[in-house]
Amino acid sequence: MVPTTLALILFLAPLAYSPGPGNMVFAAMGARFGLRATLPANFSYHVATWLVTFGLGLGFSALIAKAPTLFEVIRWAGAIYVAFLFWTIVGDGLLARFRHRDHARLLNGAFAAILGLVAVWLFVAGRTAV
């Protein structure tokens, strides 16, 4: 169980804090609406994730017997919540700097470029791993 949990940690930790789609969504929401207005969306996203994961766990007992780390995802969703909260705060901090329409376009372009780089990285890493 310990090697599996360690592997899960090593897999999820970089994903939780890298500038991927979820983190960019919450950074953009923080930049657009501010931290306080974005907290309900952040919380709701994670409640839904926990409920779906819990439901899968209850409905697929054979799968759980083969992959007990399924419930580890519930625990790690809390770490991802912190990552999304971090990116929301970053976005909230960007709000003051990028309030002007032209600056907002620049910020959106930067987020798109970062997301594109992550996609290229995943493609190259996936092809290298195979």
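Note: the structure precedes this text.
Residues numbered from 1 in each chain as written. Predicted model: local features only at pLDDT ≥ 70, side-chain atom pairs only at ≥ 80, totals over all residues. Heavy atoms only, no water.

Visitor: Help me understand the overall build of the protein in this model?
Guide: What the protein contains, in helices and strands, is 6 helices and 0 strands. For the protein, the α and β elements follow one another from N to C terminus as α-α-α-α-α-α. Counting over 130 residues, the protein shows a buried share of 26%. When contacts within the protein are restricted to residue pairs at least 6 apart in sequence, long-range pairs at least 24 apart make up 71% of them. In the form shown here, the protein has an accessible surface area of approximately 8,600 Å², with 75% of it arising from carbon and sulfur atoms. (Helix = DSSP H or I, 4+ residues; strand = E, 2+ residues; numbered from the N terminus. Buried < 20%, exposed > 50% of the residue type's maximum accessible area, 1.4 Å probe, protein only. Contact = heavy atoms within 4.5 Å. Areas by Shrake-Rupley, 256 points an atom, 1.4 Å probe, with all protein chains shown as cover.)

Visitor: What is the right way to look at the nonpolar core in this model?
Guide: Side chains of a nonpolar character, in soluble globular proteins, are inclined to be buried together. Formed by M24, A27, A31, W87, L94, L107 and F111, the largest nonpolar core amounts to 7 residues. For this core, the element with the most residues is helix α2 (residues 21-33), which contributes 3 residues. When sequence neighbours within four positions are dropped, the list of residues in contact with A31 reads G91, D92, L94, L95 and L107. (Core = buried A, V, L, I, M, F, W, Y, C linked by side-chain atoms within 4.5 Å.)

Visitor: It is not clear to me how the side chain of N42 should be interpreted in this structure. Could you clarify?
Guide: Along the chain, N42 falls in helix α3 (residues 35-59). N42 sits in the buried class, given a relative accessible area of 0%. The contact partners of N42, leaving out residues within four places of it in the chain, are F26, Y81, F84, L85 and T88.

Visitor: How should I be thinking about the environment of A13 in this particular structure?
Guide: Checked against the element boundaries, A13 lands in helix α1 (residues 2-17). Sequence separation between A13 and I80 is 67 residues; the distance between their C-alpha atoms is 8.1 Å.

Visitor: Please explain the side chain of T38 as it appears in this structure.
Guide: Structurally, T38 is set in helix α3. Given the relative accessible area of 1%, T38 is considered buried. Here the side chain of T38 touches M29 through a polar contact of 3.3 Å, landing on its backbone oxygen. Setting aside anything within four residues of it in sequence, one finds T38 in contact with F26, M29, G30, F33 and T88. (Polar contact = N/O pair within 3.5 Å; in protein donor to acceptor, adjacent residues only side chain to side chain.)

Don't take any of this as a statement about function, it's just geometry.
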